[in-house]
Amino acid sequence: MMRDEGAASETTITFRGRGLGLRRGARIVVLVCPLCSQRNGSRGAERGVCEWCAYVPSPKDAELVVAA
Ligand SMILES: [Zn+2]
């Protein structure tokens, strides 16, 4: 698979198979919270915290989404 793994690349992730996020270098962006299933606000997403329930993902929970 040819893929640019540069620092600026984004990777779609889930949190143990739930929610939705992006891995951007060392940062984790929370798009949909795996705990409360709410769509996160852009401010919280960029900070890597759910604006609804204050969930902060552990890097251990981040799982790559494999495109089918
Ligand atoms: Zn939440």
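Here goes a summary of the coordinates provided. Note that the structure is a prediction, hence the values are computed from the model and not measured. (Residues numbered from 1 in each chain as written. Predicted model: local features only at pLDDT ≥ 70, side-chain atom pairs only at ≥ 80, totals over all residues. Heavy atoms only, no water.)

Residues Ile 13, Phe 15, Ile 28, Val 30, Cys 33, Cys 50, Tyr 55 and Ala 62 constitute the largest nonpolar core, which totals 8 residues. Those residues within four positions of Val 30 in sequence are excluded, and the remaining contacts are Phe 15, Leu 20, Asn 40, Ala 45, Gly 48, Val 49 and Pro 57. (Core = buried A, V, L, I, M, F, W, Y, C linked by side-chain atoms within 4.5 Å. Buried < 20%, exposed > 50% of the residue type's maximum accessible area, 1.4 Å probe, protein only. Contact = heavy atoms within 4.5 Å.)

The phi dihedral of Ser 37 is positive, around 60°, even though this residue is not glycine. Within the fold, Ser 37 resides in the loop between strand 3 (27-32) and helix 1 (42-47). Judged by relative accessible area, Ser 37 falls into the exposed class, the value being 52%. Positive phi values are uncommon outside glycine, yet Ala 54 reaches one of about 65°. For Ala 54, the position within the fold is in the loop between helix 1 and strand 4 (62-64). (Helix = DSSP H or I, 4+ residues; strand = E, 2+ residues; numbered from the N terminus.)

Right, let's get into the coordination of the zinc ion. Summarising the metal site, the zinc ion is bound by the protein donors Cys 33 (SG), Cys 36 (SG), Cys 50 (SG) and Cys 53 (SG), whose distances to it range over 2.3 Å. Given 4 donor atoms and angles of 105 to 116° at the metal, the environment of the zinc ion is assigned as tetrahedral. Counting gaps between the donor residues of the zinc ion yields the pattern C-x2-C-x13-C-x2-C. Remark: Cys 50 occurs in the loop between helix 1 and strand 4 and Cys 33 occurs in the loop between strand 3 and helix 1; sequence separation between them is 17 residues. Cys 33 sits in the buried class, given a relative accessible area of 1%. Exposure remark for Cys 50: the relative accessible area of 3% places this residue in the buried category. (Donors = N, O, S within 2.8 Å, 3.2 Å for Na, K, Ca; no water. Tetrahedral: all angles 85-135°; square planar, octahedral: opposite > 155°, others 65-115°.)

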